[in-house]
Amino acid sequence: MSVILHIESATEGCSVAVSQDGELIFDKADSTINNNAVTLGLFVDEALALVDSRGILLDAVAVSEGPGSYTGLRIAVSMAKGICYGREIKLIAVPTLKLLCVSPLLYMDLPDDALLCPMIDARRMEVYSAVYDRALTEVRSTGADIVDAETYKEYLNRGPVYFLGNGAAKCKDTILHENAHFIDDVRPLAKWMFPLAEQMFNRGEFCDVAYFEPYYLKDFVAIKPKKLI
């Protein structure tokens, strides 16, 4: 098992957690917008102080890799890299869209054939999204979408699709398919990172600390919906 520091600030607010052998031993979150530069550092300092006071050795730092805001990701990744260099430990990058799916899968009774479509807002009717099944197997990779009634019809015609994340609310009046469901108030939080980070740690899926770059919300190139014949 492992001890991992988890850092999340890809969207609004920020959060920090520490997991030891698959259990949380530290968890702090702040939903205040545009306060990451101050709060995130305080949370990380608290987490490291707890780890050090207990004589626990960190094995890795997991950071939410985006898509997300430039400022939030830059602050989080800089902190994560600094800790990895200073303590000579591994860096794990957790996809933010996949992270959004963890709490609904843990606490909601979803149908076996359900698909999850996490969305991160990118202005107007634009979102970054991906599609996962209940095993968090990627059905469609991360991409930029201009959302209209046809955008996710391929998946909606298969069965129930659950839309979530800060980009989903604005799509409720556009995606009107009978198989479309919306889950409100789902945020990417550090405390939900540990199941994903533990798996990646055990598989040896680490990033090169020097060259890792997060997935910023920039250079929007939309995936056009397929035309129905």
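Details of the structure are given in the entry above.
All of the points below concern the structure found in this document. Since we're looking at a predicted model, the values are computed, not measured.

**Observations regarding the overall build of the protein chain**
1) Next: If you tally the helices and strands in the protein chain, you get six helices and 11 strands.
2) Next: Taken against the 2.2 N^0.38 rule, which gives 17 Å for 229 residues, the C-alpha radius of gyration of the protein chain at 18 Å falls within 12% of a compact globule.
3) Next: Taken along its principal axes, the extent of the C-alpha atoms in the protein chain is 60 × 35 × 30 Å.
4) Next: Per-residue burial for the protein chain yields a buried fraction of 51% across its 229 residues.
5) Next: Excluding contacts between residues fewer than 6 apart, the proportion of contacts in the protein chain whose partners are at least 24 apart in sequence is 65%.
6) Next: When the accessible surface of the protein chain is summed, it comes to about 11,000 Å², and 51% of that surface belongs to carbon and sulfur atoms.
7) Next: The averaged location of the 32 negative side-chain charges in the protein chain is 5 Å from the averaged location of its 22 positive side-chain charges.

**Points about the packing of aromatic side chains**
1) Next: This model, assessed by the stated rule, comprises six aromatic pairs.
2) Next: Residues Y128 and Y215 carry aromatic rings whose centres are separated by 5.7 Å and whose planes lie at 85 degrees to one another, so their mutual orientation is edge-to-face. Of this pair, Y128 sits in strand β7 (residues 126–133) while Y215 sits in the loop between α6 (194–203) and β11 (222–223), and the two are 87 residues apart along the sequence.
3) Next: Among the aromatic residues, those joined into a ring-pair cluster are Y152, F163 and F182.

**Quick look at helix α1 (residues 36–53)**
1) Next: The terminal C-alpha atoms of α1, which comprises 18 residues, lie 25 Å apart, in line with the 26 Å expected from a rise of 1.5 Å per residue.
2) Next: Buried within α1 are the following residues: N36, T39, L40, G41, F43, V44, A47, L48, L50 and V51.
3) Next: Where α1 is buried, its residues meet β1 (3–8), β2 (14–20), β3 (23–30) and α2 (70–87).
4) Next: Positive phi shows up at G55, right after α1, with a value of about 65 degrees.

**Side note on the pairing of strand β6 (residues 115–121)**
1) Next: Within β6, six of the seven residues are buried, which leaves it mostly tucked inside the rest of the structure.
2) Next: Of the pairings in the sheet, the one linking β6 to β7 comprises five bridges and is antiparallel in character. Considered in β7, the bridge of L115 is made with D133.
3) Next: The turn linking β6 back onto β7 is made up of four residues, and R123 within it adopts a positive phi angle of 80 degrees.

Scoring rules and cut-offs
- Residues numbered from 1 in each chain as written.
- Predicted model: local features only at pLDDT ≥ 70, side-chain atom pairs only at ≥ 80, totals over all residues.
- Heavy atoms only, no water.
- Helix = DSSP H or I, 4+ residues; strand = E, 2+ residues; numbered from the N terminus.
- Rg over C-alpha atoms; globule rule 2.2 N^0.38 Å.
- Buried < 20%, exposed > 50% of the residue type's maximum accessible area, 1.4 Å probe, protein only.
- Contact = heavy atoms within 4.5 Å.
- Areas by Shrake-Rupley, 256 points an atom, 1.4 Å probe, with all protein chains shown as cover.
- Lys, Arg positive; Asp, Glu negative; His and termini not counted.
- Charge placed at Lys NZ, Arg CZ, Asp CG, Glu CD.
- Phe/Tyr/Trp six-rings, centres within 6.5 Å; stacked < 30°, edge-to-face > 60°.
- Expected span 1.5 Å × (residues − 1).
- Pairing = 2+ DSSP bridges.

What is shown is where atoms sit, not what they do.
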